[in-house]
Amino acid sequence: MIKVELTENGGWQSYELTSEQAAELSGANIVEMRGGHNGAWQLRARRPIGKVGAARLGRRGDAVEVRIAPKITIDRLLFLAGYAQQPSAAKWRDTEVAAREASGLVPVVAHAFGRAADRALSQGVLLGYREVDATLPVVRGRIRQTEQLRRHYSFPVPVELRYDDYTTDIIENRLLLTAAHRLLKLPDVSIDSRRFLHRVQARLVGVSRLEHGTLPSWQPTRLNTRYYAALGLAELVLRGSSYELDVGRSVRVDGLLLNMWRVFEDFATVALARALRPGGGKCKFQDQHHLDKARDILLKPDLVYYPSSASGTRVPAAVVDVKYAITRGPRGHRDEFYQMLAYCTVLGVTRGYLVYAEGPPSGPRTHRIQGTGIEITQYPLDLAQSPRNLLDQVQALATEIASPQRLLVVRSAPE
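## Focus on the overall build of the protein chain
Regarding its fold elements, the protein chain presents 12 helices and 20 strands. For the protein chain, the accessible surface area stands at approximately 21400 Å², while carbon and sulfur atoms represent 49% of it.

## Points about helix α4 (residues 105-121)
The end-to-end C-alpha distance of α4 is 24 Å, a good match for the 24 Å that 17 residues give at a rise of 1.5 Å each. Most of α4 sits inside the fold, with 15 of its 17 residues counted as buried.

## Quick notes on the packing of α4 against helix α7 (residues 191-203)
Axis separation between α4 and α7 bottoms out at 8 Å; the angle between their running directions is 40°. One finds that α4 runs oblique with respect to α7. As for the relative orientation of α4 and α7, their crossing is left-handed in sense. Taken together, the residues of α7 that come into contact with α4 (itself represented by P107, A110, H111, F113, G114, R115, A117, D118 and L121) are S193, F196, L197, R199, V200 and R203.

## Remarks on the nonpolar core
In terms of nonpolar packing, the biggest core is built from 99 residues, with L43, F113, L176, F267, L272 and I401 touching the most fellow members. Apart from residues no more than four positions distant in its own chain, L272 is found in contact with L303, V320, V394, L397, A398 and I401. Residues V304, V319, C344 and I376 belong to the second largest nonpolar core, which totals 15 residues.

## Side note on a nonpolar patch on the surface
A grouping of L127, Y129 and Y166 is seen on the molecular surface, where their side chains present a nonpolar patch of about 370 Å² in accessible area. Considering the arrangement of structural elements, one finds Y129 in strand β7 (residues 128-136).

## Concerning the pattern of salt bridges
Taken as a whole, this structure holds 12 salt bridges when the rule is applied. Between R56 and E65 there is a salt bridge; the shortest N-O distance is 3.5 Å. Its relative accessible area of 31% is what places R56 among the partly exposed residues. For D188, the salt bridge is made with R67, and the minimal N-O distance between the two is 2.5 Å. Here R67 lies in strand β6 (residues 64-69) and D188 lies in the loop between α6 (171-184) and α7, a separation of 121 residues in the sequence. For D188, a relative accessible area of 37% gives the class partly exposed. Each member of the salt-bridge network shares a partner with another, and the members are E5, R56, E65, R67 and D188.

## Examining the sheet that holds strand β4 (residues 40-45)
Pairing in this open sheet of three strands is antiparallel, and the strands run β2-β4-β3 from one edge to the other. Taken across any chain shown, the strands that pair with only one partner, and hence form the sheet edges, are β2 (13-16) and β3 (31-37). Along the sheet, successive strands turn relative to each other by an average axial angle of 30°, direction set aside.

## Quick look at the confidence of the model for the protein chain
Caution applies to low-pLDDT regions: their predicted coordinates should not be interpreted in detail. Looking at the protein chain as a whole, its pLDDT mean stands at 82, while 80% of the residues score no less than 70. Across residues 90-102, where pLDDT falls below 50, the model places 29 contacts with residues more than four positions away in sequence or in other chains. Confidence over residues 409-415 falls short of pLDDT 50; this stretch has 13 contacts with residues more than four positions distant or in other chains.

## Looking at unusual backbone geometry
Positive phi outside glycine occurs at N9, with the angle close to 60°. Among the structural elements, N9 can be located in the loop between β1 (2-7) and β2. For N38, which is not glycine, the phi dihedral falls at a positive 55°. Inspection of the secondary structure puts N38 in the loop between β3 and β4.

## So, the sheet that holds strand β5 (residues 51-57)
The strand order β1-β6-β5-β12 describes an open sheet built from four strands, whose pairing is mixed. Only two strands of the sheet have a single neighbouring strand rather than two, namely β1 and β12 (254-259). Ignoring strand direction, the axes of neighbouring strands in this sheet form an average angle of 15°. In this sheet, β6 lies alongside β5 in antiparallel orientation, the contact comprising five bridges.

## Some remarks on helix α10 (residues 334-347)
Taking 1.5 Å of rise per residue, the 14 residues of α10 would be expected to cover 20 Å, and the 20 Å separating its terminal C-alpha atoms lies within 8% of that figure. Buried residues of α10: E336, F337, M340, A342, Y343, C344 and L347, and no others. Of the residues one or two after α10, G348 is the one with positive phi, at around 75°.

## What about the packing of helix α9 (residues 260-276) against helix α11 (residues 387-401)?
Viewed as axis vectors pointing N to C, α9 and α11 meet at an angle of 60°, and their least axial separation amounts to 9 Å. By the criterion of interaxial angle, the relationship of α9 to α11 is oblique. Every pair of crossing elements has a handedness; the one defined by α9 and α11 is right-handed. Packed against α9, whose contacting residues are F267, A271, L272, A275 and L276, the element α11 presents L390, L391, V394, Q395, L397, A398 and I401 at the interface. The class makeup of the residues in the contact of α9 with α11 is 11 nonpolar, one polar and no charged.

## Examining the pairing of strand β20 (residues 375-380)
Extensive coverage of β20 is indicated by the burial of six of its six residues. On β20, burial covers both faces: E375, T377 and Y379 on one face and I376, Q378 and P380 on the other are all buried. Sheet topology note: the strand β18 (residues 351-358)/β20 ladder contains six bridges and is parallel. When the bridges of β20 are listed, L354 appears paired with Q378. With four bridges joining them, strand β19 (residues 365-368) and β20 adopt antiparallel strand pairing. Looking at the pairing, H367 lines up with I376 of β20.

What counts as what
- Residues numbered from 1 in each chain as written.
- Predicted model: local features only at pLDDT ≥ 70, side-chain atom pairs only at ≥ 80, totals over all residues.
- Heavy atoms only, no water.
- Helix = DSSP H or I, 4+ residues; strand = E, 2+ residues; numbered from the N terminus.
- Areas by Shrake-Rupley, 256 points an atom, 1.4 Å probe, with all protein chains shown as cover.
- Expected span 1.5 Å × (residues − 1).
- Buried < 20%, exposed > 50% of the residue type's maximum accessible area, 1.4 Å probe, protein only.
- Axes fitted to C-alpha atoms, helices over the stretch in contact; angles between N-to-C directions.
- Parallel < 35°, antiparallel > 145°, perpendicular 65-115°, else oblique.
- Left-handed = near helix turned anticlockwise from the far one by under 90°.
- Contact = heavy atoms within 4.5 Å.
- Core = buried A, V, L, I, M, F, W, Y, C linked by side-chain atoms within 4.5 Å.
- Patch = residues over 30% accessible without salt bridge, like charges linked within 9 Å, V, L, I, M, F, W, Y side chains within 5 Å.
- Salt bridge = Lys/Arg side-chain N within 4 Å of Asp/Glu carboxyl O.
- Pairing = 2+ DSSP bridges.
- pLDDT = per-residue confidence, 0-100.
- Nonpolar A, V, L, I, M, F, W, Y, C, P; charged D, E, K, R; others polar.

See the structure below:
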């Protein structure tokens, strides 16, 4: 087995690979490859929007273990991912992540999840009601009459039933158990972390694991408050156990791989919608519109802001598109400007915002489009800042979008 260690957006690294190892890497579409003469390859993390984390590809001697370190710190990465999944459940961001940056993403996540899950379950395993369909010799709950007639004709027993069972086999416990099981199969998980994970499994005896590829949603309630931290990390683990290729095919991996563009996009849109909420407006994610009258060309901006009005009708006022990229001004971003111009034209708004993961110290920059009343602002977020400061940056953007003076601007469309 060979270990390949790369950095997100890093340079080329040289590795000697067998033909089988090269084929595994090429098929996984995780890294970019060049060369190959006599087994000598140049590798780097796929650009511009690749994956970070660790994964093991292949089998036995020809296996390849790929590790891609994120360009931001791991605790900041986990904050972004956790906030996007459950803003109200993101309290673990400051307390659960040990300062073990050098050990990599998988060990840190395993340690954080193990501690959070063990702490949640130490207060007792959560119970809840689950709807069960069963075939029993006695009546319990409601008879499924259609199934009864189809399967048993006129026989009175057994009976096809549906009832609510008060059990530990609920979504929250299934998520914790499945995440613990996945993490125990991964390399680089410390002995201490494995001890936590085994304890989680022992406490959840009788709970069934989720099938691979399924990730049911859970609702925050007063009863599962103590599970919040563990559930946020469990979802992170389960989402990172597979990824989609460009052709739409889902690939299962023995590891934890995160799409950084998706992590950043989800964080930025969720945090911005949350910051805009007090103003009474409404935000729509991936709001679908069409560029042409025949409705053949689909447009799906990441976020559209609809302010509240006295008449009760909602008209869009601003459109936001998120880019996991660095902005250095308009040069090199022409396609993104054309895309935003199309959004603003179709929606009839005067303001478009391109939100980037990094930018110059000068901050936001607004461009006025000739022949229209449209303004497109490049708005960078500094991901190196603390969670509080990062959310303050998002709040500043929300304040600008919801500003009463800006909302009064009426676009003068060209003749």
